[in-house]
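Residue-level listing of the chains:
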Amino acid sequence: MTDKSYTTSITVKASPDAVFAAINNVRGWWSEDVEGNTAVLGDVWYYHARDLHRCTLKVVESAPGRRIAWRVLDNHFNFIADKTEWIGTTIAFDIEAVGEGARLTFTHHGLLPDHECYDVCHDAWGTYIRGSLKALITSGKGYPNSGAGITAEDPATLMKDAKMAEDSFTTSFTVDQSPEAAFAAITDPRAWWSGEFEGGTSNLGDVFSYRYQEFHYSKQVVTELVPNKRVAWQVVEGTLSFVEDKTEWVGTTIMFDIADRGGKTEVVFTHQGIAPAVECYDTCSDAWTSLIQGSLKQLIVSGRTELIELAAPAA
């Protein structure tokens, strides 16, 4: 049976040991409001965010450079009916060497799409792992929750921080079609993304490669697949022929968030890590805009589209 627990991953230019050390520095990326030791097998520690969330966790696995796991012993949310939803779940971090860096796969085993807290926790974990923890690993500074700005009126800020805004390219559109239609189109990139594909794209864990002429090659892993809500692909290999750092896409995440907006469907596309300061930004943002606002939107609306021939990058 497929595990539908929440999972996401990042790839960083750091050693597995450095990733392991950063994860254990919980106060450096999750929350400064932690009591107790967090880094040794058997440690029991406590997290709280005012009156919104508190939990007790135990370190149940600790294999240096490879794996960390925490079991949730006790939990309380004040914004859902079943305030104990996390109890008995396991928060796991799996680390593996990838080339000159490492890949971290985060899984909250037992946090399932039918849980009431899933949307809030899904967004929050994504922000912490792909944002704060990744920043701590790569720059030495994360963005832990300090408690500031958390209000009972806005529980979605439970695990988020205003400082977490990421430098990324994003664009969005709204259509009359259903979230199911949007999800089906997104997970069939051969139908809307110009280029050559190898591998599957429709199942969690699928690995596929993409090539566009001599300009672009990338390999991606499907790291999130929440039907009719979210799709995410992690770029694990990449070569761009037209920029100095040909690996600029490596470690970035391509995300599609789908939401019902009063009978219409909103699709928000984000390429996390492709920021204005990145050399490929102008070319990539123009290409993504054409593909998302043109091919993908048309595929959702009409069920078919003409693949757009992307412009050659400026020399």
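No experiment lies behind these values; they were computed from the predicted model shown. (Residues numbered from 1 in each chain as written. Predicted model: local features only at pLDDT ≥ 70, side-chain atom pairs only at ≥ 80, totals over all residues. Heavy atoms only, no water.)

Trainee: Before we move on, can you summarise the sheet that holds strand E7 (residues 101–109) with the specific residues and values?
Mentor: As summarised here, the arrangement of the seven strands in space is E1-E7-E6-E5-E4-E3-E2, forming an open sheet in which the pairing is antiparallel. Two strands bound the open sheet, and with one partner strand each, they are strand E1 (6–12) and strand E2 (34–35). Where helix H2 (residues 118–139) meets the sheet, its contacts fall on E1, strand E5 (67–77), strand E6 (90–98) and E7, and the angle it forms with E1 comes to roughly 15°. (Pairing = 2+ DSSP bridges. Helix = DSSP H or I, 4+ residues; strand = E, 2+ residues; numbered from the N terminus. Contact = heavy atoms within 4.5 Å. Axes fitted to C-alpha atoms, helices over the stretch in contact; angles between N-to-C directions.)

Trainee: Explain the packing of helix H1 (residues 16–24) against H2 to me, using residue names and the numbers behind them.
Mentor: Between H1 and H2, the shortest axis-to-axis distance is 9 Å and the interhelical angle comes to 130°. Here H1 lies oblique to H2, going by the angle between them. Considering how the two elements wind past one another, H1 and H2 form a crossing that is right-handed. Contact residues: H1 offers Val19, Ala22 and Ile23, while H2 offers Leu133, Leu136 and Ile137. (Parallel < 35°, antiparallel > 145°, perpendicular 65-115°, else oblique. Left-handed = near helix turned anticlockwise from the far one by under 90°.)

Trainee: Tell me about the environment of glycine 36, and please be specific about residues and values.
Mentor: Inspection of the secondary structure puts glycine 36 in the loop between E2 and strand E3 (44–49). Glycine 36 sits in the partly exposed class, given a relative accessible area of 32%. Between the alpha carbons of glycine 36 and tyrosine 46 there is a distance of 6.5 Å; along the sequence they are 10 residues apart. Once you skip the residues sitting within four places of it in the chain, glycine 36 turns out to touch Arg27, Val44 and Trp45. (Buried < 20%, exposed > 50% of the residue type's maximum accessible area, 1.4 Å probe, protein only.)

Trainee: Give me the packing of helix H3 (residues 179–186) against helix H4 (residues 281–302): which residues, what numbers.
Mentor: For any two helices packed against each other, the geometry is given by the interaxial angle and the distance between the axes. H4 packs onto H3 with a crossing angle of 130° between their chain directions and a minimal axis gap of 9 Å. Accordingly, the angle class assigned to the pair H3 and H4 is oblique. Crossing of H3 against H4: the hand is right-handed. Where H3 approaches H4, its residues Ala181, Ala182, Ala185 and Ile186 are matched on the opposing element by Leu296, Leu299 and Ile300. Here the contact of H3 with H4 is composed, by residue class, of seven nonpolar, no polar and no charged. (Nonpolar A, V, L, I, M, F, W, Y, C, P; charged D, E, K, R; others polar.)

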